[in-house]
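Residues per chain, in single letters:
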Amino acid sequence: APAPPPARHLFSDAAEVEALRGNLLAWYDRCKRDLPWRALAATEMDADRRGYAVWVSEIMLQQTQVATVIDYYNRWMQKWPTLQALAQASLEEVNELWAGLGYYSRGKRLQEAARKVVSELAGRMPRTAEDLQKLLPGVGRYTAGAIASISYGQATGVVDGNVIRVLCRLRCIGADSSSPAVIDQLWDMANVLVDSSRPGDFNQALMELGATVCVPKAPLCGKCPVKQHCQAWRRKLFGKPSPVPDVEDCGVGDCPLCPPATEPWDSSLGVTNFPRKAAKKPPRAMRTATCVLERRGCHGAPEYLIVQRPSSGLLAGLWEFPSLPLAQDLQEEKEREELADHLQAWMGQPVAAKGLQFIGEVIHIFSHIHQTYVVYSLHLDGDVTLDPALSPSRWVVEDEFHASAVSTAMKKV
């Protein structure tokens, strides 16, 4: 069995925990950002609407910056102010509003879960983190804890990227912060720390601290309300105190939370020694041939063909220009031939590879894919009958294209 973490890594002193809570909440009351989901949750509304308002914000904020989310959140809540309104929306409408926010499966799962609440749970949101995670698709441990604590006052902790960074610095946790053992320990800490009288505010304060003060690079330690509780800050300030054993030496090599011996404390990094993360896998490279098919519309404006992607997988259900994944290192002539064959299947008539005009390449970085779109255009004379057995497709003018559920990558194209 692995060695248990020493007490110096943990929050085992009740007086220290109480002081930390008080300092953090007092700072939050003074310094918290004015965000639309906080303002909405603070209004006089029933518990289910408050839970829904927090839920939408937490899903949108997954892997997306606050500044980007604000406008999307306001438009979403204006269009679908209740669970019931969202449950009646179509996936197409959801994708259209979500377009540009990324990680599109989030919006799809949010709507699926809203429909489940309406149809199976009598329109009543689950009230505990355990039930939220068990009953709602797309709601994981963090989101469930956030909704339950902020909306329903459950004294349960939360652990997201900001909280991981704060806790690892507070307690000099230098083992791989993405490892299951460390994550489990951080959840235990979060549940010990959470203030039972103001759990939602405390959790938001901890996340706010990580987002605005205890940031990844150049943290503002001088403004930190809990720096006196921070082991990493003390170490930066005072170095290795002697003869008191340092937290880095606490386990003599077998502590599950200390940095590995091969990566000792770097005094030039200070508190940013923590957290330590495993090396990221480089994104895989992909190439896709994309053709912008253009025809003259009945009113004289150019129209463009867009087709719908499959209902699962990357960018599920979104619309795009006809596209075809390519093998790496294909010669341009071969790319043209494969794309021409693909377009011929759509249009039911021969397409000459030489008729495809090369426009250029567009690079778009997904979280795990380095995607290169090789862009061609083809102007069509006369009408084209599309095969109805293929994926849904339609002709759109430019304004309709931008109003459709298309990805940021296609807008670049």
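Residues numbered from 1 in each chain as written. Predicted model: local features only at pLDDT ≥ 70, side-chain atom pairs only at ≥ 80, totals over all residues. Heavy atoms only, no water.

Per an unreviewed UniProt entry, the chain goes by the name Adenine DNA glycosylase and belongs to Hippolais icterina. As stated in UniProt under Sequence similarities (unreviewed entry), the record for the chain gives "Belongs to the Nth/MutY family." (UniProt positions renumbered as here; feature names shortened; annotations may be inferred.)

Moving on to the overall build of the chain. A count of helices and strands for the chain gives 16 helices and 7 strands. Taking the principal axes of its C-alpha atoms as reference, the chain extends roughly 85 × 50 × 40 Å. Taking all 413 residues of the chain together, the buried fraction comes to 48%. Of the roughly 20,100 Å² that the chain leaves accessible, carbon and sulfur atoms contribute 53%. A distance of 6 Å separates the average location of the 45 positive side-chain charges in the chain from that of its 47 negative side-chain charges. (Helix = DSSP H or I, 4+ residues; strand = E, 2+ residues; numbered from the N terminus. Buried < 20%, exposed > 50% of the residue type's maximum accessible area, 1.4 Å probe, protein only. Areas by Shrake-Rupley, 256 points an atom, 1.4 Å probe, with all protein chains shown as cover. Lys, Arg positive; Asp, Glu negative; His and termini not counted. Charge placed at Lys NZ, Arg CZ, Asp CG, Glu CD.)

With respect to the secondary-structure elements, Glu 332 resides in helix α14 (residues 332-347). By relative accessible area, Glu 332 is classed as partly exposed at 39%. A C-alpha to C-alpha distance of 35 Å links Glu 332 and Trp 98, two positions 234 residues apart in sequence. In this structure, Glu 332 is in contact with Phe 358 and Tyr 376, ignoring residues within four places of it in sequence. (Contact = heavy atoms within 4.5 Å.)

What follows concerns the side chain of Glu 335. Looking at the secondary structure, you find Glu 335 in helix α14. What makes Glu 335 buried here is its relative accessible area of 3%. Those residues within four positions of Glu 335 in sequence are excluded, and the remaining contacts are Arg 287, Leu 326, Leu 330, Val 374 and Tyr 376.

On to the confidence of the model for the chain. Low pLDDT means the predicted atomic positions in that stretch should not be read closely. Here the chain averages 89 in pLDDT, while 93% of its residues score no lower than 70. Segment residues 241-245: pLDDT under 50, and 3 contacts once partners within four positions in sequence are set aside and those in other chains are kept. (pLDDT = per-residue confidence, 0-100.)

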